Amino acid sequence: MSEALYTATVTSTGGGRDGRVSGDFESDIRPPAALGGSGDAPNPETLFAAAWAACFNGALQKIMKDSGVSVSEHEPSVTASVTLNKVSDGFRLSGAIKVSFAGGSFDGDAELVAKAHEFCPYSRAVRGDFDATAELV
């Protein structure tokens, strides 16, 4: 059983992918230019990539500290890519995390990244370890 530590709540209004989100985070949302939109505001994939990159970086730094690796000496940079793919029954997301360390590679760096990928809540969610519901209120 899990213990809830924090819940963020955001509401989407308007056109969904061409609307607004408000609540704990507020922003206009616009389709990317690559999909015919204006591209002048974040889109759902941008928001997901930003959240995943930030969460993964935090998880990686925790794993580094727990492993006795100096974060200040090997400061990580984490880039997340989230792709919207068309599939036969609609759409599907895919993604990738890329990590580099200040000063370059060092012994055990790949193991730290793998451990962070196991630990990061966003990485776990994209592997299907996510309790989700949808309900009419």
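The name an unreviewed UniProt entry assigns to the protein is Ohr family peroxiredoxin, from the organism Corynebacterium hindlerae. Reading the Sequence similarities (unreviewed entry) entry of the UniProt record for the protein gives the comment "Belongs to the OsmC/Ohr family."

Peer 1: Account for the layout of surface pockets, naming residues and giving values.
Peer 2: One number sums up the size of the largest pocket: a volume of about 1300 Å³. What lines the largest pocket is a set of 24 residues, and nearest its centre among them are Pro121, Ala125, Asp129, Phe130 and Asp131. In terms of residues, the lining of the largest pocket owes the most to one element, helix 3 (residues 121-126), which gives five residues. Of the residues assigned to the lining of the largest pocket, the class counts are 16 nonpolar, four polar and four charged. Counting residues domain by domain, the lining of the largest pocket receives three or more from each of domain 1 (1-42) and domain 2 (44-136). Empty space within the second largest pocket amounts to approximately 440 Å³. Ala8, Val10, Phe25, Leu47 and Tyr122 are the residues nearest the centre of the second largest pocket, which is lined by 17 residues in total. Of all the elements in the fold, those that place two or more residues in the lining of the second largest pocket are strand 1 (10-14) and helix 1 (44-66). Each of domain 1 (1-42) and domain 2 (44-136) gives at least three residues to the lining of the second largest pocket.

Peer 1: Mind laying out the environment of glycine 14, listing which residues take part and the relevant values?
Peer 2: Position of glycine 14 relative to the elements: it lies in strand 1. In this structure, the C-alpha to C-alpha distance between glycine 14 and isoleucine 29, residues 15 residues apart in sequence, is 9.4 Å.

Peer 1: An account of the pattern of salt bridges is requested, with residue identities and associated values reported.
Peer 2: Overall, the coordinates contain nine salt bridges when judged by the stated rule. In this structure, the salt-bridge partner of arginine 30 is aspartate 18, at a minimum N-O distance of 3.4 Å. You can see arginine 30 sitting in the loop between strand 3 (27-28) and helix 1 and its partner aspartate 18 sitting in the loop between strand 1 and strand 2 (19-23), a full twelve residues away along the chain. The exposure class assigned to aspartate 18 is partly exposed, which follows from its relative accessible area of 44%. A salt bridge links arginine 124 to aspartate 129; the shortest N-O distance between them is 2.9 Å. For aspartate 129, a relative accessible area of 45% corresponds to the partly exposed category. Members of the salt-bridge network, linked through shared partners, are Asp18, Arg20, Glu26, Asp28 and Arg30.

Peer 1: Before we move on, could you go through the domain arrangement of the protein and cite the residues and values that matter?
Peer 2: As assigned here, the protein comprises domain 1 (1-42) and domain 2 (44-136). Distance between the C-alpha centres of domain 1 and domain 2: 20 Å. With five residues of domain 1 in contact, the opposing surface of domain 2 contributes five residues. Summing the contributions of domain 1 and of domain 2, the shared interface buries around 460 Å²; its carbon and sulfur component is 73%. Three residues, Arg17, Ile29 and Pro42, lead the burial of domain 1 against domain 2; their summed loss comes to 75% of the area buried on that side. Summed over the shared surface of domain 1 and domain 2, the number is one salt bridge. For the salt bridge of glutamate 45 with arginine 17, the shortest nitrogen-to-oxygen distance reads 2.4 Å. Remark: the boundary between domain 1 and domain 2 carries one residue pair in polar contact (both at pLDDT 80 or more). Along the lines of polarity and charge, the residues of the side of domain 1 that touches domain 2 split into four nonpolar, no polar and one charged.

How each quantity is defined
Residues numbered from 1 in each chain as written. Predicted model: local features only at pLDDT ≥ 70, side-chain atom pairs only at ≥ 80, totals over all residues. Heavy atoms only, no water. UniProt positions renumbered as here; feature names shortened; annotations may be inferred. 1 Å grid on protein atoms, 1.4 Å probe; cavity = no way out; pocket = protein on both sides within 12 Å on 5 of 7 lines; lining within 4 Å. Points joined across faces, edges and corners; volume = space filled by probe spheres on them. Helix = DSSP H or I, 4+ residues; strand = E, 2+ residues; numbered from the N terminus. Nonpolar A, V, L, I, M, F, W, Y, C, P; charged D, E, K, R; others polar. Domains from an automatic or database assignment. Salt bridge = Lys/Arg side-chain N within 4 Å of Asp/Glu carboxyl O. Buried < 20%, exposed > 50% of the residue type's maximum accessible area, 1.4 Å probe, protein only. Contact = heavy atoms within 4.5 Å. Buried area = accessible area lost by both parts, 1.4 Å probe. Polar contact = N/O pair within 3.5 Å; in protein donor to acceptor, adjacent residues only side chain to side chain.

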